[in-house]
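Architecture and fold: a report
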Amino acid sequence: MPPKPQGQPKVTRQEISAKPWDPTLVFWVHIGIVLAFLFIVRINLFDLPLERDESAYAYLGQRAGEGLAPYRDFYEMKPPFLFYGYALLNAVFGYSLLGLRLSAWFLSLLICGGVYLIARSFFGAKYGLLAAVTMALFSASPFVSMTFAESELLVMAVVLYGIWLLCLLLTQPSSSLRQERLRLVGAGALIGSAVMIKQSAVFFLGFAALALVLLANGDQIKQKVGKLITNGLWFSLGAIAPVLICLAIILGFGVWDEFSFWNIEYPQLYTSRSASTISWQKTFSSNFIQIIQYQMLLWALGGLGLLALLLRGLNLKLSIALFGLLLFSFLTIVPGQRFYLHYWIQFVPAVALVIANLFFQLEKLGQKVGFGAFKNLSFPIAGLSILVVMATSAPLWLNENSTAIMRTMYGGNPFPEHQLISRLIASSIQPNEMVAVMGSEPQLYVYLQRKAPSRHFYLAFLSSKHRFIEEWQEEALQGLTTQKPDYIVFNIVPLSWMLHEDSNQRLYQSSYSWAMQNYTPIAWVDLADFQNPTLISDAAAATYKPTGSSYIMVLKKKQ
């Protein structure tokens, strides 16, 4: 007799639950969680008034989008990709307050995505999600400046994906030589592009060099050196491409001399000149204290995550790579020794990664005898930490008083007042009328959708001593007196002009005298008490006398 047919083996509940989730599904679920979380913690900050730097970049992007020549028709001390990056953001999200807030949110989302991919390659998807959510929570603090469309956001939205490609090579063997080379070329192109946005991103090339050394495998020194040279050449092939594109732009417009001044000569003047008499140690300390307030637990976990590298839950190469990324990220904020809040955007992603490392290492520690509790508690403790930080930082991301936030962050900078001034002017200005902003407050040009009377839209550049200063001050003054704008907003605010004891004040004094002769005050903002400024408009403005040394005049051309 033939044997009886065997029935299907019984599938136990344990076997069913052990079936892994589809990695693609997990990826998109995680991205959805990060997107929703980032939206929740940032939605209440979308109405923060524009600040100076983001407005300048948006203005430059608008000029670049019109086809004007960089460094000749408009200028900044940064490489060309900055201008065209903001031109693209303006085109997609709009040249406005809302457009810049959406740009900042989108770039923050890209940064969270890059952090997720890097952490996933190091620690797995679960801790990739933790790193990305941590990154989103960092961005909920306005003091980290990710709410504002700063240039560092654009840098990190690009460079993190280049770093991820290098991390993939460290963590996952390539399926083919072609894939390995594509990753190297892609990493070089992305990191090189970041350097063409802002010069300080050059330190990420240091991380790339470290990664290439770690990738140099072989049984003998000769093999390792050969691998290092080969990988370096492929990486360099990608890295040089954005440089060649920028060179083509510069030569195409014929602005090599202007480019050299703004990207080589002027930055040296900027970084060598002390911004104040305060030592760099005090500057670092005061800005770091601002950065960590309301989120001290996250920064403490970051410190523990750095120490956790000693636990060796990661292999030695990955531990070195993660430490190197933290180190080179920190170096990006050092040039000039100013340590401005927005500089820290380039460092925070690395902190989010070492926080993920802390809890990953704890889970690994739980696999050892005597530490079993850590295995199942590591991720829940991480989640609880996120909730605690959300609760302690809620006064920031739930704060509806945008003026109070700006006052705390920017002190005597009158950014909320410029938003009010723009509304006052917008209520009466005609489509063909012009506005001139005396000082470095380009946010008014963005609010009012207007162009400056000359290429000198950010007048702090005309307060430093350099070889073009007299020529350019005369050019800016002629632009004002020949264009005869219908409105002038004159900022008698030290931080707007950045005048120093050795500054040439001809433009400042001459433009003031000319404006007072040919224009009538229609509004004042008296900043004697910058926490409670006084706004005077209508008939009272004609005879008002400011009570403090800092104030803003809104002037209209005499008929």
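Just above sits the structure.
Below is a short write-up of the structure. All values reported here derive from a predicted model rather than from experimental measurement.

What counts and how
Residues numbered from 1 in each chain as written. Predicted model: local features only at pLDDT ≥ 70, side-chain atom pairs only at ≥ 80, totals over all residues. Heavy atoms only, no water. Helix = DSSP H or I, 4+ residues; strand = E, 2+ residues; numbered from the N terminus. Rg over C-alpha atoms; globule rule 2.2 N^0.38 Å. Buried < 20%, exposed > 50% of the residue type's maximum accessible area, 1.4 Å probe, protein only. Contact = heavy atoms within 4.5 Å. Areas by Shrake-Rupley, 256 points an atom, 1.4 Å probe, with all protein chains shown as cover. Lys, Arg positive; Asp, Glu negative; His and termini not counted. Charge placed at Lys NZ, Arg CZ, Asp CG, Glu CD. Pairing = 2+ DSSP bridges. Axes fitted to C-alpha atoms, helices over the stretch in contact; angles between N-to-C directions. Polar contact = N/O pair within 3.5 Å; in protein donor to acceptor, adjacent residues only side chain to side chain. Phe/Tyr/Trp six-rings, centres within 6.5 Å; stacked < 30°, edge-to-face > 60°. Lys NZ or Arg CZ within 6 Å of the ring centre and 35° of its normal. Expected span 1.5 Å × (residues − 1). Core = buried A, V, L, I, M, F, W, Y, C linked by side-chain atoms within 4.5 Å.

**A few points about the overall build of the protein chain**
Looking only at helices and strands, the protein chain features 22 helices and 5 strands. Against the globule reference of 24 Å for 559 residues, the protein chain gives a C-alpha radius of gyration of 27 Å, in line with a compact fold. Once the C-alpha set of the protein chain is aligned to its principal axes, its extents read approximately 115 × 50 × 50 Å. A burial count over the protein chain gives 54% of its 559 residues as buried. Considering only contacts within the protein chain whose residues lie at least 6 apart along the sequence, 76% involve residues at least 24 apart. When the accessible area of the protein chain is evaluated, it comes to approximately 25,100 Å², of which 63% is carbon and sulfur surface. In the protein chain, 40 positive and 31 negative side-chain charges are present, and the distance between their average locations comes to 13 Å.

**A closer look at the sheet that holds strand S5 (residues 551-557)**
Strands sit in the order S1-S2-S5-S3-S4 across an open sheet of 5 strands; the sheet is mixed. Edge positions in the sheet fall to strand S1 (435-438) and strand S4 (534-537), since each of these pairs with one other strand and no more. Mean inter-strand twist for the sheet, computed between neighbouring axes without regard to direction, equals 20°. Where strand S2 (residues 487-492) and S5 come together, 6 bridges link them in antiparallel fashion. Within the sheet, the bridge partner assigned to Phe 490 lies in S5 and is Met 553. Contacts from helix H22 (residues 506-518) reach S1, S2, strand S3 (519-526) and S5 within the one sheet, and its direction differs from that of S2 by about 135°.

**Thoughts on the side chain of Glu 51**
Relative to the assigned elements, Glu 51 resides in the loop between helix H2 (23-42) and helix H3 (52-65). There is a polar contact of 2.6 Å between the side chain of Glu 51 and the backbone nitrogen of Glu 54. Excluding anything up to four places from it in sequence, Glu 51 contacts Phe 148, Glu 150, Met 406, Tyr 410, Phe 415 and Gln 443.

**Section: the packing of aromatic side chains**
Describing an aromatic ring pair means giving the distance of the ring centres and the angle of the ring planes. Across all of its chains, the model carries 50 aromatic pairs by this definition. Ring centres 5.2 Å apart and planes at 85° place the aromatic pair Phe 74 and Phe 83 in the edge-to-face group. Each member of the pair, Phe 74 as well as Phe 83, carries the same accessibility label: buried. Pairing Tyr 75 with Trp 472 gives two aromatic rings, centres 5.5 Å apart and planes at 25°, and the pair type is stacked. In this pair, Tyr 75 sits in the loop between H3 and helix H4 (80-93) while Trp 472 sits in helix H20 (residues 469-483), placing the two residues 397 residues apart along the sequence. Residue Tyr 75 is classed as buried on the basis of its relative accessible area of 1%. By relative accessible area, which is 5% here, Trp 472 ends up buried. Joined through ring pairs, the aromatic side chains of Tyr 59, Tyr 75, Phe 261, Trp 262, Tyr 266, Tyr 445, Phe 457, Tyr 458, Phe 461, Phe 468 and Trp 472 make up one cluster. A cation over an aromatic ring shows up here: Arg 63 above the ring of Tyr 59, its NZ or CZ 4.6 Å from the ring centre.

**Points about the environment of Tyr 75**
Tyr 75 sits 91 residues away from Leu 166 along the chain, and the two C-alpha atoms are 34 Å apart. A polar side-chain atom of Tyr 75 sits 2.6 Å from a polar atom in the side chain of His 456.

**Details of H4**
Compared with the 20 Å implied by 1.5 Å per residue over 14 residues, the 20 Å span of H4 between its first and last C-alpha is a close match. Regarding H4, the residues found buried are Pro 80, Phe 81, Leu 82, Phe 83, Gly 85, Tyr 86, Ala 87, Leu 89 and Asn 90. Once H4 ends, the next one or two residues include Gly 94, with phi positive near 105°.

**Description of the nonpolar core**
The biggest cluster of nonpolar side chains holds 190 residues, and the ones touching the most others in it are Leu 166 and Ile 488. In terms of residue count, helix H7 (residues 151-171) provides more of this core than any other element does, 17 residues in total.

**With respect to H7**
A rise of 1.5 Å per residue sets the reference length of H7, with its 21 residues, at 30 Å; its end C-alpha atoms lie 30 Å apart and thus fit the reference within 8%. With 20 of its 21 residues buried, H7 lies for the most part within the structure.

**Brief notes about unusual backbone geometry**
For Gln 337, which is not glycine, the phi dihedral falls at a positive 55°. Of note, Gln 337 is situated in the loop between helix H14 (316-331) and helix H15 (348-365). Despite not being glycine, Asp 538 shows a phi value in the positive range, around 65°. In this fold, Asp 538 is placed in the loop between S4 and S5.

**Here's the deal with the side chain of Ser 141**
Position of Ser 141 among the secondary structure elements: in the loop between helix H6 (125-139) and H7. If near-sequence neighbours (up to four positions away) are discounted, Ser 141 is found in contact with Ile 291, Gln 295 and Leu 396.

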